[in-house]
Amino acid sequence: MSSEFAVRAMRPGELELVLEWARQEGWNPGLDDSLAFQEADPSGFFIGAVGEVPVGSISVVKYGEHLAFLGLYIVHPDFRGKGYGKALWNAGMASAADRTIGLDGVVAQQENYRKAGFEPAYTTIRYGGIAAALPQSSLLAHPVSDKLDGLFRYDAAIFTEPRNAFVAAWCKRRRGRKTAIARKSGKIRGYATIRRCYEGYKIGPLFAADSDTAAALLAELLPEAGGERVFIDVPAENREAIALTESMGLEPVFETARMYRGTAPAIPLRNVYGVTTLELG
């Protein structure tokens, strides 16, 4: 491995470069994901560079004192097979200290993650397609307001760790991005975000108390896609989520496994109708 190679914190503009690499890998990130990603944990993004040339990346975003999430683990194809990936991995893992670390692993890499101490917790299936019809619900969802305190508490109860800065940035209304919230008797029952990606739109998170609430959120958000393809990463254990997604005409595209090194958090999967993002959890 070249002595010129070093792992360092990402500099301004480099996360956008890494997300372009992710696009080239077929991961289909959101067009403006970098704005919210950086808010999640500014110290959690790393570049591997040969001299001044970025050649690889990894993110290990820390949530609270007990959890971190690994993603954006990429070595540019022109620089593979030189040991740079291992150096990035080691630096990223070390940055999490003694926290539990989660990741979403594609099928081809799951055995390698097992060898690194990660164990599967559940399977996530990405559903995609053009929604055939808006789901029906007894509730109405509405665009989220700027008052997010209740939403922060709701999100932390499902994600299991507070991530207020990330949620605030993720939910900020921008072109191609919209967040909706559903309430009943004034109490939050769920929320969801749709965002423009390089191909179509992704919906995540889609957190809801039940299928009726999830349907209300989808009915509010799906028109944002304008008839383009929509993707949702659905935990396979949530059979109501699977049924709702399939009722819209979406079909499985691929699957990943949520894996953890350390004690897995007790996520209430019955409330997860769509994962926020495979890169950050």
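Because the structure is predicted, anything quoted here is derived from the model rather than measured.

**Q** I would appreciate a short explanation of the environment of G249 in the present structure.
**A** The residue G249 is located in the loop between α8 (239–247) and β12 (251–261) in this model. Sequence-wise, G249 and G129 are 120 residues apart; in three dimensions their C-alpha atoms are separated by 7.0 Å.

**Q** Teacher, can you tell me more about the layout of surface pockets here?
**A** Think of a ball as big as a water molecule: rolled over the atoms, this probe shows where empty space is left. One number sums up the size of the largest pocket: a volume of about 630 Å³. W27, Y73, V106, Q109 and Y113 are the residues nearest the centre of the largest pocket, which is lined by 25 residues in total. Those elements giving two or more residues to the lining of the largest pocket turn out to be β4 (67–75), α3 (84–95), β5 (100–106), α4 (110–115) and β12. In terms of residues, the lining of the largest pocket owes the most to one element, β4, which gives six residues. A class-by-class count of the residues in the lining of the largest pocket yields 13 nonpolar, seven polar and five charged. Counting the residues that make up the lining of the largest pocket, at least three belong to each of domain 1 (5–102) and domain 2 (126–274). Of the voids in this model, the second largest pocket is the one considered here, and its volume is about 190 Å³. Forming the boundary of the second largest pocket are P143, V144, S145, D146, L148, A168, C171, K172, R173, K178 and T179. Here the residues of the lining of the second largest pocket sort into five nonpolar, two polar and four charged.

**Q** Got a minute to help me understand the packing of helix α1 (residues 14–24) against helix α2 (residues 33–40) in this structure?
**A** Each pair of packed helices gets described by two things: the angle between the helix axes and the distance between those axes. For the pair α1 and α2, the least separation of the axes is 10 Å and the interaxial angle reads 120°. Our classification of the angle between α1 and α2 gives oblique. The way α1 lies across α2 gives a crossing that is right-handed. Residues L15, E16 and L19 of α1 form the contact with α2, whose own contacting residues are D33, S34, F37 and Q38. Considered class by class, the residues forming the contact of α1 with α2 number three nonpolar, two polar and two charged.

**Q** What am I meant to see in the domain arrangement of the protein here?
**A** The domains assigned to the protein are domain 1 (5–102) and domain 2 (126–274). Both faces considered, domain 1 and domain 2 share a buried interface measuring about 2,100 Å² in area, 58% of it formed by carbon and sulfur atoms. When the buried area of domain 1 at its contact with domain 2 is split by residue, N28, L31 and Y63 rank highest and sum to 27% of it. Remark: the boundary between domain 1 and domain 2 carries four salt bridges. One salt bridge in this structure joins D33 and R195, with 2.8 Å as the shortest N-O distance. One can count 12 residue pairs in polar contact (both at pLDDT 80 or more) joining domain 1 with domain 2. A per-element tally of the side of domain 1 that touches domain 2 places α2 first, with six residues.

**Q** Sorry, what's going on with empty space enclosed by the protein here?
**A** The final tally for this structure, using the stated rule, is three cavities of 30 Å³ or more. The space that makes up the largest cavity amounts to roughly 80 Å³. Lining the largest cavity we find Y122, I158, F159, F207, R258, I267, L269, V272, V275, T276 and G281. Partitioned by chemical class, the residues of the lining of the largest cavity number eight nonpolar, two polar and one charged. Considering only enclosed or pocket space, the second largest cavity measures out at about 60 Å³ in volume.

The rules behind each value
Residues numbered from 1 in each chain as written. Predicted model: local features only at pLDDT ≥ 70, side-chain atom pairs only at ≥ 80, totals over all residues. Heavy atoms only, no water. Helix = DSSP H or I, 4+ residues; strand = E, 2+ residues; numbered from the N terminus. 1 Å grid on protein atoms, 1.4 Å probe; cavity = no way out; pocket = protein on both sides within 12 Å on 5 of 7 lines; lining within 4 Å. Points joined across faces, edges and corners; volume = space filled by probe spheres on them. Nonpolar A, V, L, I, M, F, W, Y, C, P; charged D, E, K, R; others polar. Domains from an automatic or database assignment. Axes fitted to C-alpha atoms, helices over the stretch in contact; angles between N-to-C directions. Parallel < 35°, antiparallel > 145°, perpendicular 65-115°, else oblique. Left-handed = near helix turned anticlockwise from the far one by under 90°. Contact = heavy atoms within 4.5 Å. Buried area = accessible area lost by both parts, 1.4 Å probe. Salt bridge = Lys/Arg side-chain N within 4 Å of Asp/Glu carboxyl O. Polar contact = N/O pair within 3.5 Å; in protein donor to acceptor, adjacent residues only side chain to side chain.

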